[in-house]
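Structural features, examined
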Amino acid sequence: MTASFIVPGDWGKRRISRNLFVVCLSFLLLFTAFQALSNLQSSINCDAGLGLASLATIYATLILSSMFSPSLTIRYLGLKWTLVASMCCYALYTLANYWPSWGTLIPASALVGLAAAPLWTAKATYLTTTGIEFANIVGIPQEAIINRFFGIFFLFFQSSQVIGNLVSSLVLGSGDGDDSGGDDGTDTFTCGAQDCYTETGDDDSYCDPPEKDLTNILLSVYLACGVAAALTTAIFLQRLSENPEKEEESSCALFLATTNLMRDPQLVLLIPLTVFSGLEQAFITGDFTKSYVTCTVGVGWVGYVMICYGVTNAAFSLFWGQIAKTTGRIVIFATGVIVHVTLIIVLLTWAPTEDQLWVLFIVAALWGVADAVWQTQINAIYGAVFPDRQQAAFSNYRLWESVGFTASFAYSNYLCVWTKLVILSAVLGLAVCGYVLTELHQRRVNHQKGIRTENDDSHPAAVNLTEEKSQF
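Read on for an overview of the structure.

The rules we used
Residues numbered from 1 in each chain as written. Predicted model: local features only at pLDDT ≥ 70, side-chain atom pairs only at ≥ 80, totals over all residues. Heavy atoms only, no water. Helix = DSSP H or I, 4+ residues; strand = E, 2+ residues; numbered from the N terminus. Buried < 20%, exposed > 50% of the residue type's maximum accessible area, 1.4 Å probe, protein only. Contact = heavy atoms within 4.5 Å. Expected span 1.5 Å × (residues − 1). Bend = angle between axes of the 7 residues up to and from the residue. 1 Å grid on protein atoms, 1.4 Å probe; cavity = no way out; pocket = protein on both sides within 12 Å on 5 of 7 lines; lining within 4 Å. Points joined across faces, edges and corners; volume = space filled by probe spheres on them. Nonpolar A, V, L, I, M, F, W, Y, C, P; charged D, E, K, R; others polar. Axes fitted to C-alpha atoms, helices over the stretch in contact; angles between N-to-C directions. Parallel < 35°, antiparallel > 145°, perpendicular 65-115°, else oblique. Left-handed = near helix turned anticlockwise from the far one by under 90°. Phe/Tyr/Trp six-rings, centres within 6.5 Å; stacked < 30°, edge-to-face > 60°. Lys NZ or Arg CZ within 6 Å of the ring centre and 35° of its normal.

1. With respect to the environment of Ala370
- Counting through the fold element by element, Ala370 comes out in helix H11 (residues 357-385).
- Judged by relative accessible area, which is 0%, Ala370 ranks as buried.
- Setting aside residues no more than four positions away along its own chain, Ala370 makes contact with Gly336, Val339 and His340.

2. Details of helix H3 (residues 105-138)
- The end-to-end C-alpha distance of H3, which contains 34 residues, comes to 47 Å, matching closely the 50 Å that a straight helix rising 1.5 Å per residue would cover.
- By the largest-angle criterion, Ala115 marks the main kink of H3, which is about 30°, and a proline, Pro118, follows within four residues.
- Counting buried residues in H3 gives 26 out of 34 residues, a clear majority hidden from the surface.
- Where H3 terminates, the next one or two residues include Gly139, which has phi positive at roughly 75°.

3. A short note on empty space enclosed by the protein
- One pass over the structure, following the stated rule, counts two cavities of 30 Å³ or more.
- Each pocket or cavity is described by its volume, and for the largest cavity that value is around 290 Å³.
- At the level of secondary structure, the elements contributing two or more residues to the lining of the largest cavity comprise helix H1 (13-44), helix H2 (50-96), H3, helix H4 (142-172), helix H8 (265-297), helix H9 (302-327) and helix H12 (390-411).
- Taken together, the residues of the lining of the largest cavity sort by class into 17 nonpolar, seven polar and two charged.

4. Here's the deal with the packing of H4 against helix H6 (residues 212-236)
- One can describe the packing of H4 onto H6 by two numbers: an axis separation of 9 Å at closest approach and a directional angle of 155°. Between H4 and H6, the angle is such that the two are roughly antiparallel. The crossing of H4 and H6 is right-handed. Here Gly164, Val167, Ser168, Val171 and Leu172 of H4 come into contact with H6, specifically with Leu214, Ile217, Leu218, Val221 and Tyr222.

5. Some words on the packing of aromatic side chains
- As enumerated under the stated definition, the model contains 31 aromatic pairs in all.
- Against the face of Phe153 rests Lys123, its NZ or CZ located 4.5 Å from the ring centre.

Here's what the structure looks like:
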């Protein structure tokens, strides 16, 4: 199958690197606002569970948009303007948080969900295509460069956790008084794994949002970041052109591309791992921040704790991308599994207290290490295993990851935290089984074709990637 986009013949390493930097910077600005705001939703919009409902809406809508909107949007707007339009939708979500209600925040959340699938599919297609061309220029195995590009991207992307959470802590921490969960009689609430919303009910659940004036100041900073991201992409990112050899597809064919790929055995095996990626991110964003951090030491500490998550996530995103060629995926994935299993056990058995604040920082930091594994390597796997069906593959990636996000946010107000951790561990077990079978299948196919795998410095699926090029 012929690739959808090609790189002009006059592109060199410097031009590719420049555009990689523009994409990375734009996402850094955009998610400085969105990720930090997501981390705070369960705390600043906690009344009647509005914050978690908005997050659930985002990812529920994303599931639907992943089925059809990426291919259609990219077809008519191209990669660059798909990114710009999607970023504008994220900025509108930040704007809606000035007047949080079911009538403003939920529609804005749905808009973000519709925009997220095209945003991430366009980004992944752009990075994969330019990474392949870069590999062809320098004569390095393509998958190694794809891993490196995604590693660099997620270094910037996860750095947004640091910047966004630092801003939120500085702004919200400037409020008067101690907002820890133990004040004003809130010490009756059980924090940690035994936090059970079903026992307290919505009216009695822990909810202590910050002052409205402080929240509006924070939102203003985040809105500026979102607008800057869209402008940076619109002005500086060079457009990719369609491959003239690509056969024209009908809208129906583009819609069916995502669903048809679901019948591919390799995709089926990757589904549990992709769902787990959504579940674990949703847990650290919604449950950990509320049941372990806000409930124990107050919302003012959420940003500082999540900075540790962002720092390790960013650093190890780059680290895993760089060492993937040397160690192969198996070692990296095994490390992620070990770290996450250890953290789940700790969170199940540990009862957080205010004088053990340092444990919250360690848990967040190690969670970032493990999440960096899933974010960099799953993206790389999808790009390498489905080189000639990138848009459909990355749409499926966002779809199934969104299933994990949606499920986690949807049951968040109805299950005890320990139940959520058990679910997380069960899905991780299925993910490991699926991943092992995927590697075995890939090695068998590669052996039949006489092509070395990434763990031998290359990847068979990368062979067809040489046709993929991108343009401004």
